[in-house]
Amino acid sequence: SLEDRRKQAQREKAQRDPLFPPDLTPPDDQHALMKRCFAKLLADDRHFLRRYYNGSTVEERADNRLQMAAEWRTTLNALRLRAHRLRQRLRSCLR
């Protein structure tokens, strides 16, 4: 059904690397650069991103994010904003 195809497309989109478009798989040297940029983040920020993107399915990641929001007494939108800002910092480091 259309709804099943839409959900499948959303799952596939969520499983892609959030920093690289699907047609630009990072080569080994860019992967090493990504690791260096990630290492430049504060430990709390690295921990946040690992936890934010933890989970092999959309549902697992959504559950993890709900749990994070509850633990940190914040909103899902605040988590999304923090993740967005950290991704921006990583992207600028990659350039």
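Just so it is clear, the model here is predicted, and its values are computed rather than measured.

Peer 1: Looking at this structure, I do not really get helix H4 (residues 58-71). What am I missing?
Peer 2: Helical geometry note: an α-helix holds 3.6 residues per turn, so side chains three or four residues apart project in the same direction. Between its first and last C-alpha atoms H4 spans 20 Å; for 14 residues at 1.5 Å apiece the expected length is 20 Å, and the two agree. Where H4 is concerned, the buried positions are Arg61, Asn64, Met68 and Ala69. Buried positions in H4, seen along its axis, are confined to an arc of 135 degrees and lie on one side of it.

Peer 1: Would you explain the nonpolar core in this entry?
Peer 2: Across soluble globular proteins, you tend to see nonpolar side chains buried next to one another. In terms of nonpolar packing, the biggest core is built from 14 residues, with Leu41, Phe48, Leu49, Tyr52, Leu79 and Leu90 touching the most fellow members. Listing elements by their share of this core, those giving two or more residues are helix H2 (28-40), helix H3 (43-52), H4 and helix H5 (76-94). Looking at which element gives the most residues to this core, the answer is H5, with five residues. Not counting the four nearest positions on each side in its chain, leucine 49 is found in contact with Phe38, Leu41, Ala83, Leu86 and Leu90.

Peer 1: Would you mind showing me how to read the packing of H3 against H4 here?
Peer 2: Between H3 and H4, the shortest axis-to-axis distance is 9 Å and the interhelical angle comes to 140 degrees. One finds that H3 runs oblique with respect to H4. The residues of H4 that touch H3, namely those facing Phe48, Arg51 and Tyr52, are Asn64, Arg65, Gln67, Met68 and Glu71. Class assignment of the residues belonging to the contact of H3 with H4 gives a composition of three nonpolar, two polar and three charged.

Peer 1: How do you make sense of the packing of aromatic side chains when you look at a structure like this?
Peer 2: Given two aromatic rings, their pairing is described by the distance between the two centres and the angle made by the two planes. Taken as a whole, this structure holds three aromatic pairs when the rule is applied. With a centroid separation of 5.5 Å and 25 degrees between ring planes, the pair formed by phenylalanine 48 and tyrosine 52 is classed as stacked. Of the two residues, phenylalanine 48 and tyrosine 52 are both situated in helix H3; the distance of four residues between them amounts to about one turn of the helix. For the pair phenylalanine 48 and tyrosine 52, one class covers both residues: buried. Feature note: the residues Phe48, Tyr52, Tyr53 and Trp72 constitute an aromatic cluster, connected by ring pairs. Just above the ring of tyrosine 52 sits the side chain of arginine 65; from NZ or CZ to the centre is 3.8 Å. We note arginine 82 situated over the ring of phenylalanine 48; from NZ or CZ to the ring centre the distance is 4.3 Å.

About the thresholds
- Within each chain, residues carry numbers counting from 1 in the order of the written sequence.
- Totals for whole chains, interfaces and linings use all residues, but because this is a predicted model, local features are given only for residues with pLDDT of at least 70 and pairs of side-chain atoms are given and counted only at 80 or more.
- The side-chain values count all of the structure's non-hydrogen atoms but skip hydrogen atoms and water molecules.
- Each helix corresponds to a stretch of at least 4 residues labelled H or I by DSSP, and each strand to a stretch of at least 2 residues labelled E; elements are numbered beginning at the N terminus.
- By this rule, a helix spans an expected 1.5 Å times one less than how many residues it contains.
- Burial here depends on accessible area, computed with a 1.4 Å probe over protein chains only, as a share of the maximum for the residue type. Under 20% is buried, over 50% is exposed, and the range in between is partly exposed.
- Read the arc as the range of directions from the helix axis to the C-beta atoms.
- To define a nonpolar core, start from buried Ala, Val, Leu, Ile, Met, Phe, Trp, Tyr and Cys residues and group those joined through side-chain atoms within 4.5 Å.
- A contact between two residues is defined here by any heavy atoms of the two lying within 4.5 Å.
- Axes here mean lines fitted to C-alpha atoms, for a helix over just the part in contact, with angles spanning 0 to 180 degrees between N-to-C directions.
- Roughly parallel here means an angle under 35 degrees, roughly antiparallel means over 145, roughly perpendicular means 65 to 115, and every remaining angle is called oblique.
- When residue character is reported, Ala, Val, Leu, Ile, Met, Phe, Trp, Tyr, Cys and Pro are called nonpolar, Asp, Glu, Lys and Arg charged, and the others, Gly included, polar.
- Stacked, tilted and edge-to-face are the three classes applied to pairs of Phe, Tyr and Trp rings, where Trp contributes its six-membered ring and a pair requires centres within 6.5 Å; stacked means planes under 30 degrees apart, edge-to-face means over 60, and tilted covers the rest.
- Both a distance and an angle decide whether a charge sits over a ring: NZ of Lys or CZ of Arg must be within 6 Å of the ring centre and within 35 degrees of the ring normal.

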